[in-house]
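Below are the chains, spelled out letter by letter.
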Amino acid sequence: MSDENSRELSRLWRIFRTTKQMCADRGYELTEDECHISLDQFRAEYADSSGAPQRHKMTFTARPTTEMQKKYTPLARPGQPTPEPQIGTVHVEFNGDPNLGVKGLKQFAQLLSEKNYYTGIFVTQSAPTSSALKIIPSLLPTVMEIFREEDLLVNISKHELVPKHTLLSAEDKKRLLERYRLKETQLPRIRVDDPMAKYLGLRRGQVVKIIRKSETAGRYASYRWAI
Amino acid sequence: MASKVPVKSILKQKQPADIPTEADRNRRNLAIALHHANLIQAQKDIQAQILLCIEKLLDLPTGSEPTPDEARSFASLVYNFQPSDLDALVEERNIEGKCGYTLCPNSPRSRSIGANASWKLSSAAVDYCSDICARKNLYVKTQLGEIPAWQREPGIQAPIVLHEDDQPKSEKTAAVQSRKPVWKKTAADDKDLAMERGETPNGFRPKQVMTDMIVEKSTTTPRKTKVAFKEPNASHTAIEGYEPKSAVRNDEGDEDTDDDT
């Protein structure tokens, strides 16, 4: 039994670490130590006396850095000279229920709206039902993202074959389109349910810069429009 | 000289086409775009409504017995569903620990039987408390339209009728049914029928119709088997008194040789 506990613990440790790294990559305020927590430290903090991990203890929140806020600020418009940044505190929760239905997700949604979190990330052990997933668009502008635990075991952004993705700010996007005299519809596209797009939490209409290694050019940058 | 005939072209005359102005085209494009946007919005609205209905139906029945109001609201809320939406409802109710049929307060067999339920029963039967509930749910499911609600023509989808046991009785009919005298039954019982046939209840065999004509049954004697069991001259090759033909022939040969020696 303790063997199973320790296996479960190391599994959750990897998931927890990837989640923190994901939030840090998006630009939330997290320290380097937090993102690279060691297994022993994780065991000391999040395991109970029998060595089983406690998911409810793993809940955390993070605030966006000023850089991130700048990135998410839309361009000034005649009516809005100083637009609000479209980002806020993120709340991450881990759920170990064997079945996740409408009620479970509703509870989380209620918590998000009560505490006024801008983004909620729900890491679930089991796949939520199809009708539960339909709740997500009804919550806008609150963003709810659902990740399966098994998808976060490994940090995909660190894989050799995954190029570096960086999100462009609204200003950068405008400059890019002017530089190449493009409309945004003329850019190559990336789906918002692409694994890397989910990792970065891309929203429809944003543009990512993808920097690949190239044998001939050294580095090669391309841009994709999230749809 | 012949009078001049006006030359007429044999080619098709060009109709002076009315070229739409820029503004016209824009207006038409806008109308088309709006039309499609409204269609998509209507679809989204209905999907959101179906989700709301599923949430409401999750909590039914509130008491131990479904009330007629609840039965009526189940029939009306489920109207816009497709069969797949009803499956989603069953799935959600199971997660909540309730029988898949909305008007049943019991827990599904996946809970009451335990972990063994999945291999004792088929996967669909596990979601309900009994086969009756499964059948009642199927009764509703077969009435649902395959066409999604936003594409349905108004009036094509018939209202959902619940299974007879759950049909909400209006208060009037319920009162009439309760006032119905006990002695008046729809079907006569055995006693009444026996009286009608002229049998007395104290008779020898009161429940059977008696006839005074006796018909002799033809008796059949069991056919005699050709080879009797344990015949004195049965040879060692006989199987339960039966002599296989090939064996008989061999035996005869053997006997011949025996005779010779």
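Note that this is a predicted model, so its numbers are computed, not measured. (Residues numbered from 1 in each chain as written. Chains lettered and ligands numbered in written order. Predicted model: local features only at pLDDT ≥ 70, side-chain atom pairs only at ≥ 80, totals over all residues. Heavy atoms only, no water.)

**What about the overall build of chain A?**
A tally of regular secondary structure across chain A gives eight helices and eight strands. Here chain A holds 227 residues, and the buried ones make up 40% of them. Sequence-distant contacts in chain A: of pairs separated by 6 or more residues, those separated by 24 or more amount to 69%. A total of about 13300 Å² of accessible surface is found on chain A, and carbon and sulfur atoms cover 48% of it. (Helix = DSSP H or I, 4+ residues; strand = E, 2+ residues; numbered from the N terminus. Buried < 20%, exposed > 50% of the residue type's maximum accessible area, 1.4 Å probe, protein only. Contact = heavy atoms within 4.5 Å. Areas by Shrake-Rupley, 256 points an atom, 1.4 Å probe, with all protein chains shown as cover.)

**Focus on the overall build of chain B**
Helix and strand counts for chain B come out as nine helices and zero strands. Reading chain B from its N end, one meets helices and strands in the order α-α-α-α-α-α-α-α-α. Per-residue burial over chain B gives 23% buried out of 261 residues. In chain B, 54% of the contacts between residues at least 6 apart in sequence involve partners at least 24 apart. Taken as a whole, chain B presents about 21000 Å² of accessible surface, with 55% of it coming from carbon and sulfur.

**Some words on the interface of chain A and chain B**
Each partner contributes to the interface: chain A provides eleven residues, whereas chain B provides eleven residues. The largest per-residue losses of area from chain A upon contact with chain B belong to Val102(A), Lys103(A) and Ser131(A), which jointly make up 48% of the total buried on that side. Inspection of the chain A/chain B interface yields three salt bridges. The partner of Lys103(A) in a salt bridge is Glu96(B), with the nearest N and O atoms 3.8 Å apart. Our count for the chain A to chain B interface comes out at five residue pairs in polar contact (both at pLDDT 80 or more). Looking at the side of chain A that touches chain B, the elements with two or more residues in it are α5 (102-115) and α6 (130-133) of chain A. For the side of chain A that touches chain B, the element with the highest residue contribution is α5(A), accounting for three residues. Of the residues contributing to the side of chain A that touches chain B, the split by class is four nonpolar, four polar and three charged. (Buried area = accessible area lost by both parts, 1.4 Å probe. Salt bridge = Lys/Arg side-chain N within 4 Å of Asp/Glu carboxyl O. Polar contact = N/O pair within 3.5 Å; in protein donor to acceptor, adjacent residues only side chain to side chain. Nonpolar A, V, L, I, M, F, W, Y, C, P; charged D, E, K, R; others polar.)

**A few points about the packing of aromatic side chains**
Residue and element names in this part refer to chain A. Tallied over the entire structure, the rule returns seven aromatic pairs over all chains. Ring geometry for Phe16 against Tyr46: centres 4.9 Å apart, planes inclined by 55°, an arrangement best described as tilted. In this pair, Phe16 sits in helix α1 (residues 2-26) while Tyr46 sits in helix α3 (residues 39-46), placing the two residues 30 residues apart along the sequence. Take Phe16 and Tyr46: they sit in the same class, and that class is buried. (Phe/Tyr/Trp six-rings, centres within 6.5 Å; stacked < 30°, edge-to-face > 60°.)

**A few points about the sheet that holds strand β2 (residues 90-95) of chain A**
All names here are of chain A. The strand order β1-β2-β3-β4 describes an open sheet built from four strands, whose pairing is mixed. Because the sheet does not close on itself, it has two edges, and the strands there are β1 (60-62) and β4 (143-148). Direction aside, the axes of adjacent strands within the sheet are offset by 20° on average. The strands touched by α1 are β1, β2, β3 (119-124) and β4; relative to β2, the strand with the most contacts, the crossing angle is about 165°. Of the strands in this sheet, β2, β3 and β4 touch α5, which is tilted by about 150° from β3. (Pairing = 2+ DSSP bridges. Axes fitted to C-alpha atoms, helices over the stretch in contact; angles between N-to-C directions.)

**Quick word on the environment of Ala127(A)**
Residue and element names in this part refer to chain A. Residue position: Ala127 is located in the loop between β3 and α6. Sequence separation between Ala127 and Arg148 is 21 residues; the distance between their C-alpha atoms is 6.8 Å. Setting aside its immediate chain neighbours within four residues, Ala127 contacts Leu100 and Arg148.

**Some points on the sheet that holds strand β6 (residues 189-190) of chain A**
Residues and elements named next belong to chain A. Taken together, the four strands give an open sheet; going across it, the order is β5-β7-β8-β6, and neighbouring strands pair in mixed fashion. Strand pairing shows two members of the sheet lacking a second neighbour, β5 (164-167) and β6, which therefore form its edges. The pairing of β6 with strand β8 (residues 218-226) spans two bridges and is parallel. Considered in β8, the bridge of Ile190 is made with Ala226.

**Looking at the confidence of the model for chain B**
All names here are of chain B. Per-residue confidence for chain B averages 76 on the pLDDT scale, and 75% of its residues sit at or above 70. Mean pLDDT across the secondary structure elements of chain B bottoms out at helix α9 (residues 245-260), with 52, and peaks at helix α1 (residues 22-58), with 92. Segment residues 180-184 is flagged for pLDDT under 50; beyond a separation of four residues in sequence, or across chains, it makes zero contacts in the model. Across residues 253-261, confidence stays below pLDDT 50; counting only partners more than four residues off in sequence or on other chains, it has zero contacts. (pLDDT = per-residue confidence, 0-100.)

**Thoughts on the packing of α1(B) against helix α3 (residues 83-95) of chain B**
All names here are of chain B. Orientation of α1 relative to α3, taken along the N-to-C sense of each, is 40°, at an axis distance of 10 Å. For the element pair α1 / α3, the angle class is oblique. Our pair here, α1 against α3, has a crossing hand that is right-handed. Touching Ile50, Ile54, Leu57 and Leu58 of α1 are Asp85, Ala88, Leu89, Glu92 and Arg93, all from α3. Looking at the contact of α1 with α3 residue by residue, the class counts come to six nonpolar, no polar and three charged. (Parallel < 35°, antiparallel > 145°, perpendicular 65-115°, else oblique. Left-handed = near helix turned anticlockwise from the far one by under 90°.)

**Describing the pattern of salt bridges**
Residue and element names in this part refer to chain A. This model, assessed by the stated rule, comprises 22 salt bridges over all chains. Where Arg55 meets Glu149, a salt bridge forms, and the shortest distance between an N and an O atom there is 2.9 Å. Of this pair, Arg55 sits in the loop between α3 and β1 while Glu149 sits in the loop between β4 and β5, placing them 94 residues apart in sequence. Arg55 sits in the buried class, given a relative accessible area of 14%.

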